[in-house]
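What follows is each chain in one-letter form.
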Amino acid sequence: MSMMGTTVAAEPDLVLEADLARLIVAALSLEVAADDIAPEAPLFGAGLGLDSIDALELALAVSKAYGVQLRSDDERNHRIFASLRSLAAHIAGHRTR
Amino acid sequence: MPPDLLTARDPAEVICHRDGAAITVGGFLAQAAALAERLPDQGQAVNTCTDRYAALVAFAAALWRGHPTLLGRTGAAGEAPAAGTYILTDAQQPDAHRSGASLPVFEVDLAPVHRTVVAPAIPADRIAAIAFTSGSTGAPTAHLKPWGALVLGAAAAAARFGLRAQDGPPSSLVATVPPQHMYGFETTLMLPLHARLAIHAGASFFPCDVLDALDAVPPRRILITTPLHLRVLLAETRRPPDLAAVISATAPLSREMAEAVEREWHAPMLEIYGATEAGSMASRRSAHEEDWLPYDGIILRPGFADTPSLAEIPGLGPVPLSDALEAVGNGRFRLLGRIADLVKLGGKRASLAELNRVLAAVPGVVDGVFLAPRDLERNPAARLAAIVVAPGRTAAEILGALRDRLEPAFLPRRLEMVAALPRDHLGKLPHQALRQMVREEP
């Protein structure tokens, strides 16, 4: 159930990416501006510097905003969380709202 | 003390639910014995398994061989791991070699082993695990866990939570805490060996994972978790199936959250008081009780001004605690708070003084101070802030330097660059003035 229908969009959805960046900044009380999050930069570790506590908060915010449930058993998890762009692509393929 | 068996459970009992299959104690012993035979004569294990059952097999195999398992790390930061250190990993972890490039790696094979194995007796004084309390700088202190003390601790927890054979039907444990953390180790590796329960082996990190896992195991279901996870789980509209108990540790649980669990999940919300040095020591039903009841056999001696509180742990002896305690009668005690300036985040802890020293050592930093938010003890998502004087350096540069030096949990979420700190004529920093310099959460 986790991977069915995942499509990596050929064209990034810039509106969704901007929307998601604002959600991430608000949900995690980040000190950066949403516009400053580079779409291809890593969210975790270096890059934005998020950690596992943030991953939980992010999962909650994404679930509430888009109806997308994040899971650990998704083999593409590393790729989904790799960047703002990859997370937005995953949400685009699974969103229910 | 006489030796204790690795497990005294009936070989036919279920010890783990994994991918929809029930694994028996007998099946587990056969797999642990087979792995033990592949391990070197001497050494110590770093158990990096992400699958909880693989972690249990790996722990048991190392113990069977006489080797301690290092909980959470390969040894002191910056130091080469001790000779004989090896890594136990499961197949689900492609980057297992990352944590110790040159250490030997043994993969835990979970293919069924068809043979009958009797649980070995393990000497009570054998060091079964070594836990570390990590300072913010990564200078850890090792805490040795003799097998006899761990078994006594598991028995005391089983008695407290009704998990013994005489207490009723077997339980199923789903946990959001990793087995490499002392709380996760005690509850999800030691309890299945010495209480009548089965652990769930699959993923249980995201809310959806946890709810799926609870749905997948038979009652009596027990959720082992933390305030951090409870907060996001309670925010889900989806509800868990019937739970026999929810158990939380690692950070104080607010009365509101405890009440919400009892009200919305109709389950007893139990909280454990523990410390890496001493293990689990006491519990309470947080929505109804302010005070903690020590586990049977554990004696807590409240400390005074300069004397630390002490826990008398069976099999371990007296252990100093970093909390101030007060006896309140009926054998219970009240937790008065942390001593000094200790902060605890994401299951790791550090002192603000230590963090300030790390900050001061960053090149270009002239002055600086870490601040803990007022709600640190109550809000599981609370993070530290820092105010820094570093002419010519940017906040991003300072943060980058701190990232190389600190556990991620202690990185300041707010980092204010200022021209000077509001030190008074004694060089002290009035808290009020500092707080005005960082934007507090609304």
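Worth saying up front: this structure is predicted, and the values here are computed from it rather than measured.

### Considering the sheet that holds strand β18 (residues 299-301) of chain B
By way of backbone hydrogen bonds, the strands of a sheet pair with one another, either parallel or antiparallel. Residues and elements named next belong to chain B. Spatially, 3 strands are ordered β18-β19-β20 in an open sheet, and the strand pairing comes out antiparallel. The strands lining the two open edges of the sheet, one partner per strand, are β18 and β20 (317-320). Adjacent strand axes in the sheet meet at a mean angle of 25 degrees when their direction is disregarded. Pairing geometry for β18 and strand β19 (residues 310-313), over 3 bridges, is antiparallel. Bridging across to β19, I299 finds its partner in E312.

### Remarks on the pairing of strand β11 (residues 171-175) of chain B
All names here are of chain B. The element β11 is extensively covered by neighbouring structure, given that 5 of its 5 residues are classed as buried. Side chains S171, L173 and A175 project from β11 onto one buried face, and the interleaved S172 and V174 project onto a second face that is buried too. Sheet topology note: the β11/strand β12 (residues 197-200) ladder contains 3 bridges and is parallel. Residue pairing across strands places L173 opposite I199, the latter belonging to β12. What joins β11 to β12 is helix α4 (residues 182-194), and the crossover it makes is right-handed. Examined bridge by bridge, β11 and strand β13 (residues 221-225) share 4 bridges and lie parallel to one another. Paired with L173 across the strands is I222, a residue of β13.

### Re the domain arrangement of chain B
Splitting chain B by domain gives domain 1 (4-338) and domain 2 (342-437). Each of domain 1 of chain B and domain 2 of chain B has a C-alpha centre, and these two points are 32 Å apart.

Rules and cut-offs
- Residues numbered from 1 in each chain as written.
- Chains lettered and ligands numbered in written order.
- Predicted model: local features only at pLDDT ≥ 70, side-chain atom pairs only at ≥ 80, totals over all residues.
- Heavy atoms only, no water.
- Pairing = 2+ DSSP bridges.
- Helix = DSSP H or I, 4+ residues; strand = E, 2+ residues; numbered from the N terminus.
- Axes fitted to C-alpha atoms, helices over the stretch in contact; angles between N-to-C directions.
- Buried < 20%, exposed > 50% of the residue type's maximum accessible area, 1.4 Å probe, protein only.
- Right-handed = clockwise from strand over helix to strand, strands pointing away.
- Domains from an automatic or database assignment.

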